[in-house]
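Single-letter residue listing:
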Amino acid sequence: MVRFRIVLAFIRQHKPSYLFGILCMLVASWVQTLFPNLLGGTIDIMGEQGFNAASVRRNILFILLIALATFGFTWLWRTMIIGNARKLECEIRAKLFRHFLLLSPSFYQKKKTGDLIAFAINDISAVRMTFGPATAMSVNSLVLCIVSIFTMISTVDSRLTLLTLIPFPFVIWAMLSIGNQVRKSFLKVQESFAAISGKVNEGIHGVRVLKAYVQEAPTLADFRETSNGMVEASVKMVSVSSILGPVIELCFSLSFGLNLILGGRMVLDGTITVGAFVAFNTYLAMIMAPVLSIGRIVNLFQRGIASMDRLNGVFLSEPEIRDRPHARDISFQGHIAIRNLSFRYKDTAKAALEIQDFTIPAGSTLGIIGLTASGKTTLANLLLRAYDTENDSLLLDGLPITGYTLETLRNGIGLVSQEPFLFSATIRENITSFQLDRSEEEIREAASDSFMLESIEEMTEGLDTLLGERGINLSGGQRQRVAIARALLRDTPVLILDDALSAVDTVTEAHILENLRRRRKGKTTILISHRISAVADADNILVLNDGQVVQTGTHEALLQEGGLYREINDEQEENRHRLLRAR
Amino acid sequence: MKSTMNRKKTDTGSSVRAEKNSGSFGLMEKHPGSSGLMKKNHDSSGHTEKHPVSSVMKDKPTIPQTFGSEVKSHSLRALFRLSRPWMGKFILAVGCILLVNAATLLKPWLLKVVIDDFLIGRKPQNGLYSLVSMAILYIAVSLMGGLFTWLQVNLVNRAGQAIIHNLRCKVFETILHLPLPWLDKNSSGRLITRATNDISEIGEFYTDVTVNMMKDILLIIGIIAAMFTMSIRLSLVSLAVIPVMAVLVWLIKNRIRRNFFGMKHYIGRINGFFAESLSGMQTIQTLRVEEARDKDFTHLNDEYFKTTLTQVRLNSFLKPASDVFQNIAIAMLLAYGIGQVSGEGLPIGILYAFTSYIKQFFGPISDLADKYNSIQSALVSADRVFGLLDEEPILEKPDEGTPMPDAAGRIEFRHVWFSYAEEDWVLKDVSFTVEPGQTAAFVGETGAGKTTIMNLVSGFYLAQKGEVLLDGIPVSTLKKADLRRRVASVFQDVFLFSGTIRDNITLHDDTSDELLDTALRASCADSLVEHLAKGLDEPVTERGSTLSAGQRQLVSFARAIAHDPAVLVMDEATANIDTQTERLIQEALLQVTRNRTTLMIAHRLSTIRHADRIFVMRHGEIVESGNHDSLLKHKGYYLSLLEECEEPVA
Ligand SMILES: Nc1ncnc2c1ncn2[C@@H]1O[C@H](COP(=O)(O)OP(=O)(O)OP(=O)(O)O)[C@@H](O)[C@H]1O
Ligand SMILES: Nc1ncnc2c1ncn2[C@@H]1O[C@H](COP(=O)(O)OP(=O)(O)O)[C@@H](O)[C@H]1O
Ligand SMILES: [Mg+2]
Ligand SMILES: [Mg+2]
């Protein structure tokens, strides 16, 4: 039952409505049982010569009342219990979403987005089916089953009753073993569903590449295979789950058959009466119906369990990055110190970044330059605690970054990443990070300092232009500038620009850099770039290569020193000269 | 195989469907940003005031105008058309059902024989006519019944799965062939729902509804026939409630449907919201916008919850309602009987028989009432799916058009005007020619329209005015597959698939080792591959999230070269790559681009210095062109870019 922790908590929380629902269900069943007697009685009355029409009319009224009551109570329990199941569905989904918000990048690297979406809709639906219709049905069937068995025990010969119970062990065994199989094969079905969802998701997002390289046909063939997997899994699951009903029926027929022989002999011997024999058969048939529906419920439950297990797999994956116990909620100025940093991504052999000792004084600007894959982005990720280092090697204002709450830390460090992610919301929402109470002037100022204002104003709806997914309807450079505006508006004590101007033309780049210098005066700024001109003005420059610090110092000092920085500089200088010199 | 499928469809289906296309479903649930930058926002004035509302909350489901019988019958017909190839299986399944029913009827008869003949009649038992053989027969009949039940369920399931497998593949095929302008405007999450959840619901229609519905309808017909043969008058009385029921069902039908439409709309949006949030999770976390996202999500989830609650209420109404009608029918029968029976016009036995008929009759009716929702749900899903499939006429047909097995690579733009949205021209009267084997470079400020030019060359978008020609043939008339095989692009936004590095470079194509080697070397991806533990077979995660941005660019670069194109398009292909690697790439590229036409976009002008032609763009126009030297002499915008770019360091 551990696996249903979430559901049980929900049920506990909604006890009144569940109890009321079940009560209504029982009342509805009870009212319905009144009907056959009433009808029989009425017909009996009418069968008499010169019957009393008034009493028939009264009975007809009762029949109508019963109809009304049945309707009312059935409607009530259905809306209560099935409505609760819907609520459960939405609550689990909200919980899942919140959980997703906590999980760290290392989790998302292992999973595909499409697979994860399947949890939110498909698996949660299966759980709902279990706790809505299936639960309601099971209460009904159990009650019916137990009531019939008890009436039988009290009215029919005990030997015959024993005969009735013979199928039960087999039925239960069948339910358990087939149920197990159903669960396993349903897991496969859900997994193939997730795979399909994953393929479609990747296909849609990568559609430009697929089209550009004429990959439609092979991609479709690949998808066909995945979809075939789903077909196979479903066929297998149904072929297993559809055995249960017939098996239960067969078990009962064995009981019927035995009764024909044994009960028949007993009637012939005169041990029991024909009436008892008939009653027995009737009861057996009466028990069979609810047991059959319990079989169906077992199927649904096993599906729910399979999906719940999948969901629990997500819920149990703990966020790797979270607030440490004594994490503090104090603001910082942005003095960054790096001590004995050595960071390795999971499942990789080599450290992605190693820094012995480095300090970025509060309010200073640091430039980082380095070859491809030298660990620049990694440093930014570490400062923001997208990943954690083993020892406390990053200090902010003297305190390890893990000593701050994630909220303070991330509220205090802005990042414009290499490939900025924009939401499919309005430009305003993107620039303000959904803080819709930011003033128009602030927004416009941030946009104008990132040289985006002009482009925005050209759009008919200006700041309220809706962006497509990932900002598809902007050019690459416009996306980067919106992201910069977003960072400028947040105005954090520390700002990291990770190659954030790579898609911006040089004229605009120079202007933006100048604005940055102005707006970031007195605040810690880290500029990652491949271009010397972008970092040359920085107070200090860090030169990285292959995860190692190769040089540090100001532009002048580094030029003096020679080495990688000088090489890069010379190369760019030479390019410049070559460019300016006509061929 | 696919192409023939396509063609068949266009022959038969497109003309009929085209007329519906204007209000078609696929477009209906457009992405909020769909009308691009053009649409006037009517309530934008309320934005900065007291109650700011996030854009997520503004997008309400739009119930289609054509909502109703017309589209519905279209979907219903389409659903039946899809099942036609599997009719055999369905008929077999119905046969199984008849056998199962026979078994169900046989069992009480056997019991009756035992009781009447042996237990009461005390007839002698001899041979097969005995208690034991009756018992065995009983068990055998049940076994048969069970077997055929199993068979029926599996037959229907197989057929249903096969149908939706085909449908699912068709949907995915449609998605892959949708033109980019359409995809730009539609949320991917909602497209995904079409291929996943909507298809599943349609599957349930086939597996759970069709055959059982047939069974119910057969039963109802049988019972009605039995009733009418017994007494026409009583039958009419008993069935008098049916029209009332029909009216009732008809009355709430639209509500149910509309509600399902809303439900599915929100499920699609939830899907999209999840998809977007998951892929932007790191940004969400570093920006600390979790709360805002959660709020928007809660809004969607709550809206969805409201629709489901309505659905539960409506659904809870129909089934008990049919029970109520059963009782009302019986009450009416009895009331009618009062006069008749006392007047001796009606034997009580017939009255009794009719009450049990009514009960039997309402069994399947209540079953149908229960399924009514599944049917409506499936139909709404079908509307959505077929609405997407109805986009057929606008789909890209990669295999149609003038074939081009080989290309010299001459590219010409003739007075091209282009806009993504209405009259918002992004390219204004652009004309240029690039001769085969030449290297042309495009420079200019962001948003000038450089990427747009590349998009037009590959035929992703079509120019509104003017012509784009490859080797003198308009690209719009070219066979798209051939065009795109001749032109390989390195996109500004790199996209890597999950798989391996090799998969990402070769994609699904056979690439010779030699070519692969050249590609790796020319893109400098070879040193990257060398450092990886598994080399080319190193796994790549979704979007290449474990590689550095520069590494991703190298891979996508290698991909283009490995496809050995006549025209190589590089859109800021080295923007995230360091200067030294870039130089190495350039040296290697000289080999590769020697006899190919190359179009490149770069902000670092050193990259394009060697280009034969440089086009300087501004606001969608080519303002200067020439080679580097001539542009330098011209002392225009190019020079100013240059001076900024390689501004001597202070
Ligand atoms: N999530 C990850 N899991 C495993 N390895 C990673 C991950 N992210 C980056 N790496 C590896 O770590 C190294 C450094 O990557 P990083 O992104 O920091 O480079 P970078 O300096 O930003 O390069 P670029 O200039 O290309 O952006 C690379 O070898 C990269 O493949
Ligand atoms: N898919 C799209 N839908 C709508 N507008 C777009 C789309 N792509 C680009 N744009 C707009 O077209 C203009 C030109 O963009 P683009 O060609 O990408 O510029 P760049 O020269 O930077 O490559 C920009 O104003 C951009 O906002
Ligand atoms: Mg990087
Ligand atoms: Mg561009």
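Residues numbered from 1 in each chain as written. Chains lettered and ligands numbered in written order. Predicted model: local features only at pLDDT ≥ 70, side-chain atom pairs only at ≥ 80, totals over all residues. Heavy atoms only, no water.

Undergrad: Describe the overall build of chain A, with residues and values.
TA: For chain A, the count of helices and strands is 20 helices and 10 strands. Its C-alpha atoms give chain A a radius of gyration of 36 Å, clearly above 25 Å, the size a compact globule of 583 residues would have. For chain A, the spread of C-alpha atoms along the principal axes amounts to about 120 × 55 × 55 Å. Buried positions account for 59% of the 583 residues belonging to chain A. (Helix = DSSP H or I, 4+ residues; strand = E, 2+ residues; numbered from the N terminus. Rg over C-alpha atoms; globule rule 2.2 N^0.38 Å. Buried < 20%, exposed > 50% of the residue type's maximum accessible area, 1.4 Å probe, protein only.)

Undergrad: Explain the overall build of chain B to me, and be specific about the residues and the numbers.
TA: The number of helices and strands found in chain B is 22 helices and 12 strands. Taken across its 650 residues, chain B has 59% of its residues classed as buried. Considering only residue pairs separated by 6 or more positions, chain B has 79% of its internal contacts joining residues 24 or more positions apart. (Contact = heavy atoms within 4.5 Å.)

Undergrad: Any chance you could break down the sheet that holds strand β10 (residues 597–601) of chain B for me, citing the residues and the numbers?
TA: Residue and element names in this part refer to chain B. In space, the 6 strands of this open sheet follow the order β6-β9-β10-β3-β11-β12, with mixed pairing throughout. Edge strands, defined here as strands with exactly one partner in the open sheet, are β6 (487–490) and β12 (621–626). The average undirected angle you get between the axes of adjacent strands in this sheet is 15°. Its contacts with the sheet place helix α19 (residues 549–562) against β6 and β9 (567–571), and it is angled at close to 175° to β6. (Pairing = 2+ DSSP bridges. Axes fitted to C-alpha atoms, helices over the stretch in contact; angles between N-to-C directions.)

Undergrad: Residue-level account of the pairing of β10(B), with values.
TA: Residues and elements named next belong to chain B. Buried residues dominate β10, accounting for 5 of its 5 residues. Summarising the sheet, strand β3 (residues 439–444) and β10 pair through 4 bridges and their orientation is parallel. Among the inter-strand pairings, A440 is bridged to a residue of β10, identified as L599. In this sheet, β10 lies alongside β9 in parallel orientation, the contact comprising 5 bridges. In the strand pairing of β10, M570 is matched with M600.

Undergrad: Residues and numbers for the nonpolar core, please.
TA: Counting residues in each nonpolar core, the largest one holds 209 residues, and the members touching the most others are A:L96, A:F100, B:F274, B:F413 and B:F442. Looking at this core, the element that brings in the most residues is helix α6 (residues 131–177) of chain B, giving 13 residues. Not counting residues up to four positions away in its chain, the partners in contact with B:F442 are B:F432, B:K450, B:I453, B:M454, B:L599, B:M600, B:I601, B:A602, B:F615 and B:M617. (Core = buried A, V, L, I, M, F, W, Y, C linked by side-chain atoms within 4.5 Å.)

Undergrad: Can you explain the packing of helix α3 (residues 53–102) of chain A against helix α10 (residues 241–279) of chain B? Please cite residues and give values.
TA: It is at 11 Å that the axes of α3(A) and α10(B) come closest, and there the two elements cross at 15°. For the element pair α3(A) / α10(B), the angle class is roughly parallel. Handedness of the crossing formed by α3(A) with α10(B): left-handed. Within the contact between the two elements, α3(A) uses A:R86, A:R93, A:L96, A:F97 and A:F100 and α10(B) uses B:M263, B:I267, B:I270, B:F273, B:F274, B:S277 and B:L278. Taken together, the residues of the contact of α3(A) with α10(B) break down into 9 nonpolar, 1 polar and 2 charged. (Parallel < 35°, antiparallel > 145°, perpendicular 65-115°, else oblique. Left-handed = near helix turned anticlockwise from the far one by under 90°. Nonpolar A, V, L, I, M, F, W, Y, C, P; charged D, E, K, R; others polar.)

Undergrad: Go over the coordination of the magnesium ion (ligand 3) with me, naming the residues and quoting the values.
TA: Residues and elements named next belong to chain A. In the first shell of the magnesium ion (ligand 3), the protein supplies T377 (OG1) and Q418 (OE1), at 1.9 to 2.2 Å from the metal. Placement of the pair is T377 in helix α11 (residues 376–383) and Q418 in the loop between β6 (413–416) and α13 (427–431), with a sequence separation of 41 residues. Q418 gets classed as buried once you look at its relative accessible area, which sits at 10%. (Donors = N, O, S within 2.8 Å, 3.2 Å for Na, K, Ca; no water.)

Undergrad: Can you lay out the interface of chain B and chain A for me, pointing to particular residues and giving the numbers?
TA: Facing 193 residues of chain B, the contacting portion of chain A comprises 180 residues. Buried area between chain B and chain A, both sides added, is near 16700 Å², and the carbon and sulfur share of it is 65%. Salt-bridge contacts for B:D294 lead to A:R98; the nearest nitrogen and oxygen are separated by 2.9 Å. Across the chain B-chain A interface, the total number found is 46 residue pairs in polar contact (both at pLDDT 80 or more). (Buried area = accessible area lost by both parts, 1.4 Å probe. Salt bridge = Lys/Arg side-chain N within 4 Å of Asp/Glu carboxyl O. Polar contact = N/O pair within 3.5 Å; in protein donor to acceptor, adjacent residues only side chain to side chain.)

Undergrad: So what about the coordination of the magnesium ion (ligand 4)? Which residues, and what values?
TA: All names here are of chain B. At this site the magnesium ion (ligand 4) is bound by T451 (OG1) and Q492 (OE1), with donor distances of 1.9 to 2.2 Å. Within this pair, whereas T451 is found in helix α14 (residues 450–457), its partner Q492 is found in the loop between β6 and β7 (499–500), the two being separated by 41 residues in sequence. Among the residues examined, T451 registers a relative accessible area of 26% and is labelled partly exposed.

Undergrad: Give a detailed account of the sheet that holds strand β2 (residues 427–434) of chain B, specifying residues and quantitative values.
TA: Residue and element names in this part refer to chain B. Taken together, the 4 strands give an open sheet; going across it, the order is β2-β1-β4-β5, and neighbouring strands pair in antiparallel fashion. This sheet does not close on itself; its edge strands, each paired only once, are β2 and β5 (473–474). Two elements, strand β1 (residues 411–418) and strand β4 (residues 465–470), share 5 bridges in a ladder whose sense is antiparallel. Residue pairing across strands places F413 opposite V468, the latter belonging to β4. Against the sheet, α14 contacts β1, β2 and β4, and its axis sits at roughly 115° relative to β1.

Undergrad: Tell me what's going on with the domain arrangement of chain B, and back it up with residues and numbers.
TA: In terms of domain boundaries, chain B breaks down into domain 1 (72–231 + 372–396), domain 2 (232–346) and domain 3 (411–644). When each unit is reduced to the centre of its C-alpha atoms, the spacing between domain 2 of chain B and domain 3 of chain B is 54 Å. (Domains from an automatic or database assignment.)

Undergrad: An account of the site of ligand 1 is needed here, citing residue identities and associated values.
TA: Taken together, 22 residues lie around ligand 1, and A:T377, A:T378, A:Q418, B:G550 and B:Q551 are the ones closest in. More than one chain lines the surroundings of ligand 1; the residues nearby belong to chains A and B. Residue A:Q109 places a side-chain N or O atom 3.0 Å away from a nitrogen atom belonging to ligand 1. A distance of 2.5 Å is found between an oxygen atom of ligand 1 and a side-chain nitrogen or oxygen belonging to A:T377. Relative to its unbound accessible surface of 630 Å², ligand 1 loses 89% to contact with the protein. Of all elements in the fold, only α11 of chain A together with α19 of chain B reach the threshold of two or more residues within the shell around ligand 1. Tallied by class, residues from the shell around ligand 1 come to 6 nonpolar, 15 polar and 1 charged. (Near = heavy atom within 4 Å. Areas by Shrake-Rupley, 256 points an atom, 1.4 Å probe, with all protein chains shown as cover.)

Undergrad: Kindly report on the domain arrangement of chain A, identifying the contributing residues and their values.
TA: Partitioning chain A into structural domains gives domain 1 (2–315) and domain 2 (336–424 + 480–582). Taking the mean C-alpha position of each, domain 1 of chain A and domain 2 of chain A sit 59 Å from one another.

Undergrad: Give a description of the site of ligand 2 that names residues and reports values.
TA: Residues in close proximity to ligand 2 total 16 residues, the closest being A:Q478, B:G447, B:K450, B:T451 and B:T452. Measuring from an oxygen atom of ligand 2, one finds a backbone N or O atom of B:A448 at 3.2 Å. When ligand 2 sits alone it has 560 Å² of accessible area, and the protein chains cover 90% of it. With 3 residues, α14(B) is the largest single contributor of residues to the shell around ligand 2. Classifying every residue of the shell around ligand 2 gives 6 nonpolar, 8 polar and 2 charged.

Undergrad: Can you explain helix α5 (residues 87–120) of chain B? Please cite residues and give values.
TA: For α5(B), which comprises 34 residues, the first-to-last C-alpha distance of 48 Å matches the rise-based estimate of 50 Å (1.5 Å per residue) to within 8%. Once α5(B) ends, the next one or two residues include B:R122, with phi positive near 50°. (Expected span 1.5 Å × (residues − 1).)

Undergrad: Explain the packing of helix α9 (residues 216–269) of chain A against helix α10 (residues 274–316) of chain A to me, using residue names and the numbers behind them.
TA: Residue and element names in this part refer to chain A. Where α9 meets α10, the closest approach of the two axes is 10 Å, and the angle between their N-to-C directions is 165°. Classed by the angle they form, the pair α9 and α10 counts as roughly antiparallel. Between α9 and α10 lies a crossing whose hand is right-handed. In terms of residue class, the contact of α9 with α10 is built from 17 nonpolar, 9 polar and 2 charged.

Undergrad: Break down the packing of aromatic side chains for me, citing the residues and quoting the values.
TA: How two aromatic rings sit relative to each other is set out by the distance from centre to centre and by the angle between their planes. All names here are of chain A. According to the stated counting rule, one finds 34 aromatic pairs over all chains in the structure shown. Between the aromatic rings of F131 and F301, the centroid separation amounts to 6.1 Å while the plane-to-plane angle is 70°, which identifies the pairing as edge-to-face. One end of the pair, F131, is in helix α5 (residues 113–155); the other, F301, is in helix α10, and 170 residues separate them in sequence. The class of F131 is buried, set by a relative accessible area of 9%. (Phe/Tyr/Trp six-rings, centres within 6.5 Å; stacked < 30°, edge-to-face > 60°.)

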